[in-house]
Amino acid sequence: MNLTVNGKVYSFEAEPDMPLLWALRDILDIKGPKFGCGAGLCGACTVIIDGQAVRSCQIPAADVTSEIRTIDGLANNDGTLHPVQQAWMDEQVAQCGYCQAGQIMNAVALLETNPQPSDADIDGAMAGNLCRCGTYPRIRAAIKRAANEMAGT
Ligand code: FES
């Protein structure tokens with residue numbers, strides 16, 4: 001099986017029905033996507049494929065032919081954070097943090113398709129990413145901050 005993750009090509013052996021999340025975490029040692037519910041309901045495992053936020057627990061790794069982006073590859077090589085990551089830091093979004101890699105990847109996918117989302121756009125796009133700590137108001141603020149930063153305002 002071959003996967004391209006964050007610009008790097010990996011070749012490995014795996015069962016054909018292995019979920020992408022398992023392949024990323026257990027074989028490739030890419031730990032950004034988290035196991036939450038295992039049923040596509042919480043968003044902790046969110047990655048980006050073809051510009052879309054995807055629940056990596058729900059798709060077989062063997063079905064993925066496009067590049068996979070995870071939070072592990074979001075920052076620049078020099079360590080500069082992606083504007084969404086920086087906004088998360090500036091707004092001090094995380095509480096326990098478990099859901100936040102998935103939240104951030106979902107937010108990146110949103111801003112790449114809708115650079116200036118309204119409150120309703122944010123709520124709609126982020127509704128499938130659950131946070132048991134209730135950080136939703138800070139997530140919304142961070143997305144707005146990142147949108148302004150990315151727009152240069
Ligand atoms: Fe704890 Fe979201 S920060 S689940």
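Small disclaimer: the values here were computed from a predicted structure and weren't measured.

**Re the side chain of N129**
- In this structure, N129 sits in the loop between α4 (119-126) and α5 (136-151).
- Residue N129 is classed as buried on the basis of its relative accessible area, which comes to 1%.
- Those residues in contact with N129 that lie beyond four places of it in its chain are C42, G43, T46, R55, G102, Q103, N106 and Y136.

**Brief notes about the packing of α4 against α5**
- Where α4 contacts α5, the axes come no closer than 11 Å and their chain directions differ by 120°. Judged by the sense of rotation from one axis to the other, the crossing of α4 with α5 is right-handed. Between α4 and α5, the residues in contact are D119, I122, D123 and M126 and I139, R140, I143 and K144, respectively.
- Residues of the contact of α4 with α5, tallied by class, amount to 4 nonpolar, no polar and 4 charged.

**What to know about the packing of helix α2 (residues 83-90) against helix α3 (residues 100-113)**
- Running from N to C, α2 and α3 point in directions that differ by 125°, and their axes come no closer than 9 Å. In terms of axis orientation, α2 runs oblique to α3. Handedness of the α2/α3 crossing: right-handed. Along the contact surface, α2 presents V84, Q85 and W88, while α3 presents Q100, Q103, I104, A107, V108 and L111.

**Observations regarding the pattern of salt bridges**
- Summed over the entire model, instances satisfying the criterion amount to 6 salt bridges.
- For K31, the salt bridge is made with D29, and the minimal N-O distance between the two is 3.6 Å.
- With relative accessibility at 55%, the residue D29 sits in the exposed group.
- Here K144 and D119 are joined by a salt bridge, their closest N and O atoms 2.3 Å apart. Of this pair, K144 sits in helix α5 while D119 sits in helix α4, placing them 25 residues apart in sequence.
- Overall, the relative accessible area of 38% leaves D119 in the partly exposed class.
- Residues joined in a network through salt bridges with shared partners are D90, E91 and R145.

Reading the values: the criteria
- Residues numbered from 1 in each chain as written.
- Predicted model: local features only at pLDDT ≥ 70, side-chain atom pairs only at ≥ 80, totals over all residues.
- Heavy atoms only, no water.
- Helix = DSSP H or I, 4+ residues; strand = E, 2+ residues; numbered from the N terminus.
- Buried < 20%, exposed > 50% of the residue type's maximum accessible area, 1.4 Å probe, protein only.
- Contact = heavy atoms within 4.5 Å.
- Axes fitted to C-alpha atoms, helices over the stretch in contact; angles between N-to-C directions.
- Left-handed = near helix turned anticlockwise from the far one by under 90°.
- Nonpolar A, V, L, I, M, F, W, Y, C, P; charged D, E, K, R; others polar.
- Parallel < 35°, antiparallel > 145°, perpendicular 65-115°, else oblique.
- Salt bridge = Lys/Arg side-chain N within 4 Å of Asp/Glu carboxyl O.

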